[in-house]
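Here are the chains, one letter per residue:
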2 protein chains.
Amino acid sequence: MATDMDKYYKAVDDLSSSSKERLGKAIEIQSVSADNVQAEMKKMADFLVTELKAVGADAETKELNDKKLPHVVVARYPANPDSSKRTILIYGHYDVQPKGEGWKHEPFKMKEEDGKLFGRGSTDDKGPVIAWINVIEAYKKSGVQFPVNVRFCFEGMEESGSTGLPEFLDSAEGKQLFDKVDAGCISDNYWLGTKKPCLTYGLRGINYFSITVSGPPKQLHSGIFGGSVYEPLTDLIILLSKLVDSQGKILVPGIEKIIEPLTDEEKKLYDGIDYSLKDFNDSIGPKSDCGIYNDPKQILMARWRYPSLSIHGISGAYSGDQTVTSIPPNVTGKFSIRTVPNMTNDRVTELVKNYLNVEFEKLNSKNHLTVKLNDKGEWWRTDPQAQNFKAAVSATRDIWEQVIPDLTREGGSIPVTMDIQKGLGDKSLMLLPIGTTNDGAHGPDENIPTKNYINGIKVLGAYLHHFATQI
Amino acid sequence: MATDMDKYYKAVDDLSSSSKERLGKAIEIQSVSADNVQAEMKKMADFLVTELKAVGADAETKELNDKKLPHVVVARYPANPDSSKRTILIYGHYDVQPKGEGWKHEPFKMKEEDGKLFGRGSTDDKGPVIAWINVIEAYKKSGVQFPVNVRFCFEGMEESGSTGLPEFLDSAEGKQLFDKVDAGCISDNYWLGTKKPCLTYGLRGINYFSITVSGPPKQLHSGIFGGSVYEPLTDLIILLSKLVDSQGKILVPGIEKIIEPLTDEEKKLYDGIDYSLKDFNDSIGPKSDCGIYNDPKQILMARWRYPSLSIHGISGAYSGDQTVTSIPPNVTGKFSIRTVPNMTNDRVTELVKNYLNVEFEKLNSKNHLTVKLNDKGEWWRTDPQAQNFKAAVSATRDIWEQVIPDLTREGGSIPVTMDIQKGLGDKSLMLLPIGTTNDGAHGPDENIPTKNYINGIKVLGAYLHHFATQI
């Protein structure tokens, strides 16, 4: 006899055309937050409200403090929550990246080809957002009782820094979203590769610095003044050279001490991960060989659980192709540190500033140094053994032929994750990706494999089921 | 009784209106070599030929190999040289810098105001070029016999790198210019300050390098790849930091050994030079204080007789104001070394390349390094005690109230000087400036003080006289 979940999966399959159609409609709306064409952003938010209401959710749009910003779509399902059931908060975003260059397909017209659904937003993040709506629809069609209460928060500014969302989440209205919530789930990242599902439990944070060295009041001729003045670019280069060595080792004293030590338990998390040196090299480019490590585990640890420091560039000095010979009077170097537990933004900033000031003192230069923190984002790392994750592991195994998903982290930041975690407090938050690393998010010909989209609907539905039925 | 030279000086004074008018006509022709409007360049060359012929010289224009380049004006005076007299080669240039921004005056319409003659080219180098023609006119008017044979070489590409001139000077036609010449004189630089004349006996050379470090085949995201790849910009910054210290000391091993030691005799040349720390600071800007040395002699030596190394910029990395977080795949740093006796271009290049390759090896990086010499120019240094200089010292004393001109060098390069010196072989070449450091050559409101222009004509004429009559 078919189980409830079998009925649900069958409903997902039966509805697959309708699910693709729904995604197609979403892709046609050009909700590019960087452009912020208000009519398109509103159209997209209204579309979501309509679709959510159609499946029986209670849905509405909420203004942000800055009323010109795209509204947040807030919804709950069932419309009348069942207080005997667990409650899950689900975040997604309905805005997309600008079209950009290089498309072979139409960016804003979904097309299925070679088993993939092409279109801007197909994987980032309209695919997952629409998938959640499809989950409700499939549960209804299957006749199986919806296992949990869900709250939806779909924002329209994620690709533009989630402006306004933290304030909204912190408002009385926003806090209602988190009231009596048992866990959170975000489907807005990707599998590590293309074949094996994963669940993500950590992201690195970032401290972005600029250091400015200034001296002469104007640009000087190096023939006339070279050798007789303190050159700001010389000092800047010396300071930048003291930040990190060629092997990627951060040279700022004190950083090492605030990195959480690697435990045997954590080390084990890397054991089964489906990742090879070839995967790493392939992700950089054909025949590339620029990696520091050969061991895939070391590569992943360097990316996920250790900090890194990258120098990004220098402004104020000549950056063209000519043989310009001037001495620039005022130059700024930029670098960022990707942070991990237990590095706090403040402590990292303090260590960097102190170190650079001490090193600059040693130069005995008449130039002036300013060290500035330009931007910051905290790391996020949660317990991958939480019930929330266990439910997703079971769901993944159910759908993807008993494959146990890799437990992964990411090297970059998804700032909104921290904001959602803040709202959740000590409740578990999980990133549950349904697309793959090759989907071309942000690039041309963005797509999601049809199988990932449809199985994604199944996994998300099964996750809710397992979360509800866990002891 | 008035001496011959008194008669000459009186003639210069009598002709001062006509001399200024001639300069005014020259300034009106927009012979900007960077624009190379052929009609204007031809007009200017033809104007010089006409003026030279009008005072009795044998003058013509000569095509360069590239016939589109402005022609060189070649002339001799007297038209029938007197083989019993000494012969002097005189170089100047009739092209000017582009107008640029910020003029209060009309750039191509000479105006006399506050004792200065304003207009593009007034001091660089139409003023001195026309002054030489005025010298001939004044000698004729005074009835005094012209003391020497002169050969003129006035080019039209100096502000654009003297393209084509070296080949011309090296051709059979060009070599005739130097045939039986006893000395050379170039009036195309400036006094060290505004009050005291100088004669210039040296220029620094330049080796301009670019070092490129490349690695990954494309730009990488520092969140995803930071810590797991060799970053080209990290390596480049480390290499650049090993070139020079904050105090201006060049760190390339071996350079120190090829710098000519300072002798007591050379040291004495700096004794009377009219230059103060205030002059130095003022030349940089109001209230500026970015100098390494307080002793004016040390400042001048650092500028003139010691090499310097300046880093000019980096291309290939982000140079804007945003908080961009990418890892650039291919970056190029640019720096130049100002060279002095006895550093040869080849030896400096060899030392730099070897050093950087060794330092790069030490990094143990998978990135790739290329060190390239982009441009070079040799230093020039001649004997300031030569008869050529002694004649100019006497001339300067005659005109400028017995002031003994400072013997100076310059920190920058004037590449054509080397080309002229090459043609002269072991004959003395001298730079005899008539304008001042504040004339604004290359900038807006370029000018030459009227007194410098008129006294310049006197000094140049007296120099020919003294050179002719020296024992």
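Refer to the preceding data block for the structure.
Model, not experiment: these values are computed from the prediction.

(A) View of the pattern of salt bridges. Residue and element names in this part refer to chain A. For the structure on display, the rule yields 50 salt bridges over all chains. Between Glu256 and Lys249 there is a salt bridge, with the nearest N and O atoms lying 2.8 Å from each other. Residues Glu359 and Lys362 are paired through a salt bridge, measuring 2.8 Å at the closest nitrogen-oxygen approach. Of this pair, Glu359 and Lys362 both sit in helix α12 (residues 345–363), three residues apart, which is roughly one turn of the helix. Take Glu359: its relative accessible area is 8%, and that puts it in the buried class.

(B) Layout of the interface of chain A and chain B. Chain A puts 74 residues into the contact, and the matching count from chain B is 74 residues. Both faces combined, the contact of chain A with chain B buries some 5,700 Å², and carbon together with sulfur accounts for 54% of it. On the chain A side of the interface with chain B, the three residues burying the most area are Tyr230, Ser246 and His312 of chain A, jointly 10% of the side's total. Here chain A and chain B share two salt bridges between them. The closest approach of N and O atoms between Lys366 of chain B and Asp289 of chain A, which form a salt bridge, is 3.0 Å. Applying the counting rule to chain A against chain B returns 44 residue pairs in polar contact (both at pLDDT 80 or more). Taken together, the residues of the side of chain A that touches chain B break down into 30 nonpolar, 32 polar and 12 charged.

(C) Representation of the packing of aromatic side chains within the structure. Evaluation of the coordinates by the stated rule reveals 20 aromatic pairs over all chains. Residues Tyr77 of chain A and Phe146 of chain A carry aromatic rings whose centres are separated by 4.7 Å and whose planes lie at 90 degrees to one another, so their mutual orientation is edge-to-face. Of this pair, Tyr77 of chain A sits in strand β2 (residues 72–77) while Phe146 of chain A sits in the loop between α4 (126–142) and β6 (149–155), and the two are 69 residues apart along the sequence. On the basis of relative accessible area, Phe146 of chain A is assigned to the buried category, the value being 7%. An aromatic cluster is present here, built from Tyr8, Tyr9, Tyr77, Tyr139 and Phe146 of chain A joined pairwise through their rings. Directly above the aromatic system of Phe225 of chain B lies the positively charged group of Arg303 of chain A, at a separation of 5.0 Å from the ring centroid. Positioned above the aromatic ring of Tyr306 of chain A, the side-chain terminus of Arg305 of chain A is 4.7 Å from the ring centre.

Calculation rules
- Residues numbered from 1 in each chain as written.
- Chains lettered and ligands numbered in written order.
- Predicted model: local features only at pLDDT ≥ 70, side-chain atom pairs only at ≥ 80, totals over all residues.
- Heavy atoms only, no water.
- Salt bridge = Lys/Arg side-chain N within 4 Å of Asp/Glu carboxyl O.
- Helix = DSSP H or I, 4+ residues; strand = E, 2+ residues; numbered from the N terminus.
- Buried < 20%, exposed > 50% of the residue type's maximum accessible area, 1.4 Å probe, protein only.
- Contact = heavy atoms within 4.5 Å.
- Buried area = accessible area lost by both parts, 1.4 Å probe.
- Polar contact = N/O pair within 3.5 Å; in protein donor to acceptor, adjacent residues only side chain to side chain.
- Nonpolar A, V, L, I, M, F, W, Y, C, P; charged D, E, K, R; others polar.
- Phe/Tyr/Trp six-rings, centres within 6.5 Å; stacked < 30°, edge-to-face > 60°.
- Lys NZ or Arg CZ within 6 Å of the ring centre and 35° of its normal.

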